[in-house]
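# Structural description and commentary
Chain by chain, the residues run as shown.
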Amino acid sequence: VDNKLWKQKYSEIPKFPCPRCGEGRARQKSKEQFLIWEPNWATNELDEADLRSEVSVGKFAGLLRCEETSCDEAVAICGEYVANYEQVYNSYQEAFDVNTKYEYSIAGLNPMPRIIKIPDGLSDDCVEQIDAACNLFFVDLGACANKLRVATERLLDHLQVPQRRSLAERIDEFEKIQPGHKAIFDALRHVGNVASHEGKSDFDYVIDCFRLLEFALEELVENRSASIAAAASKIVATKGKPVP
Ligand SMILES: [Zn+2]
């Protein structure tokens, strides 16, 4: 999970991972493919508040395109912007320059890039829930957290943990089989539960849940720690001498 990519407010639109090829980055390639518009109602409101020379608010929409020329996937982006005009004195020209600072809130990316890496071999059912969570990220954070909880259930299916009355009991069951992951699974369960009952989720908690799930996938599906430990112990066993 790259913190610079997944935010509530952006001062500039970052290069997102391409949802199609995964190799390139989707970015704003030209000004023509990015529009901003301040509607009349907003202009009127800014006039009334005597803010028109200082602030602009409105909508933006555009296309980001994959840098990989053989791919060139187009990702539609839209949302709201706030622009603050800053007067900066230019002593060389003895006049004021206007510095515009934008703040974008993304309402949607389509197709949506994946927020976390998904290891090969993960069950389709689990991948489906993770993709659903990614799709809801900019749309509805509570529903997104809920999908992450369902993805946790599907991960436990993938790990062949037997069904129990509740997710909590299933997590305890897995802890007996393979200890050390209870806190991660419980965190995903809690954030999903709060989202189910209150319909809302804290942004930072949801980002943390993506990070926890990504870690769990690395450890439990890719067996990362185990393969690192095996590589290390092989070298130690031979004291670094190549095996003939
Ligand atoms: Zn691409």
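In what follows, the structure referred to is the one given above.
So, a few notes on the structure that sits alongside this text. None of these values were measured; they are calculated from a predicted model.

Of regular secondary structure, the protein chain possesses seven helices and six strands. Order of helices (α) and strands (β) in the protein chain, N terminus to C terminus: β-β-β-α-β-β-β-α-α-α-α-α-α. The C-alpha atoms of the protein chain give a radius of gyration of 24 Å, which is well past the 18 Å a tight globule of 244 residues would have. Projected onto the principal axes, the alpha-carbon positions of the protein chain cover approximately 75 × 55 × 35 Å. Of all 244 residues assigned to the protein chain, the portion counted as buried reaches 36%. Sequence-distant contacts in the protein chain: of pairs separated by 6 or more residues, those separated by 24 or more amount to 57%. Summed over its atoms, the accessible surface of the protein chain is roughly 14,800 Å², and 49% of this surface lies on carbon and sulfur atoms.

Another point: the pattern of salt bridges. Using the criterion set out here, one finds 17 salt bridges in the structure. We note a salt bridge from Glu-86 to Lys-101, for which the minimum N-O separation is 3.4 Å. A residue pair is termed long-range when its members are at least 10 positions apart, and Glu-86 in strand S5 (residues 74–90) and Lys-101 in strand S6 (residues 95–110) qualify at 15 residues. A relative accessible area of 35% means that Glu-86 is categorised as partly exposed. Residue class for Lys-101 comes out partly exposed when judged on its relative accessible area of 49%. For Asp-172, the salt bridge is made with Lys-182, and the minimal N-O distance between the two is 2.9 Å. One end of the pair, Asp-172, is in helix H4 (residues 167–177); the other, Lys-182, is in helix H5 (residues 182–198), and 10 residues separate them in sequence. The structure contains a network of salt bridges with shared partners spanning Glu-153, Arg-154, Asp-157 and Arg-170.

Within the protein, the zinc ion binds to Cys-18 (SG), Cys-21 (SG), Cys-66 (SG) and Cys-71 (SG); these donor distances fall in the range 2.3 Å. Considering all four donor atoms around the zinc ion, angles at the metal cover 106 to 113° and the coordination shape is tetrahedral. The sequence pattern formed by the donor residues of the zinc ion is C-x2-C-x44-C-x4-C. One end of the pair, Cys-18, is in the loop between strand S1 (16–17) and strand S2 (25–27); the other, Cys-66, is in strand S4 (residues 55–66), and 48 residues separate them in sequence.

Let's shift gears to the pairing of S5. Relative to S5, S4 runs antiparallel, the two sharing 11 bridges. Each bridged residue has a counterpart across the sheet, and for Lys-59 the counterpart in S5 is Glu-80. The pairing of S5 with S6 spans 15 bridges and is classified as antiparallel. Among the inter-strand pairings, Glu-80 is bridged to a residue of S6, identified as Ser-105. What sits between S5 and S6 in their antiparallel hairpin is a turn of four residues, with Glu-94 showing a positive phi close to 50°.

Here the focus is the side chain of Arg-170. Following the sequence through the fold, Arg-170 ends up in helix H4. A residue is classified by how much of its surface remains accessible, and Arg-170, at 1% relative accessible area, is buried. The residues touching Arg-170, leaving out its near neighbours within four places in the chain, are Glu-153, Leu-156, Asp-157, Val-161, Pro-162, Gln-163 and Arg-164.

What counts and what doesn't
- Residues numbered from 1 in each chain as written.
- Predicted model: local features only at pLDDT ≥ 70, side-chain atom pairs only at ≥ 80, totals over all residues.
- Heavy atoms only, no water.
- Helix = DSSP H or I, 4+ residues; strand = E, 2+ residues; numbered from the N terminus.
- Rg over C-alpha atoms; globule rule 2.2 N^0.38 Å.
- Buried < 20%, exposed > 50% of the residue type's maximum accessible area, 1.4 Å probe, protein only.
- Contact = heavy atoms within 4.5 Å.
- Areas by Shrake-Rupley, 256 points an atom, 1.4 Å probe, with all protein chains shown as cover.
- Salt bridge = Lys/Arg side-chain N within 4 Å of Asp/Glu carboxyl O.
- Donors = N, O, S within 2.8 Å, 3.2 Å for Na, K, Ca; no water.
- Tetrahedral: all angles 85-135°; square planar, octahedral: opposite > 155°, others 65-115°.
- Pairing = 2+ DSSP bridges.

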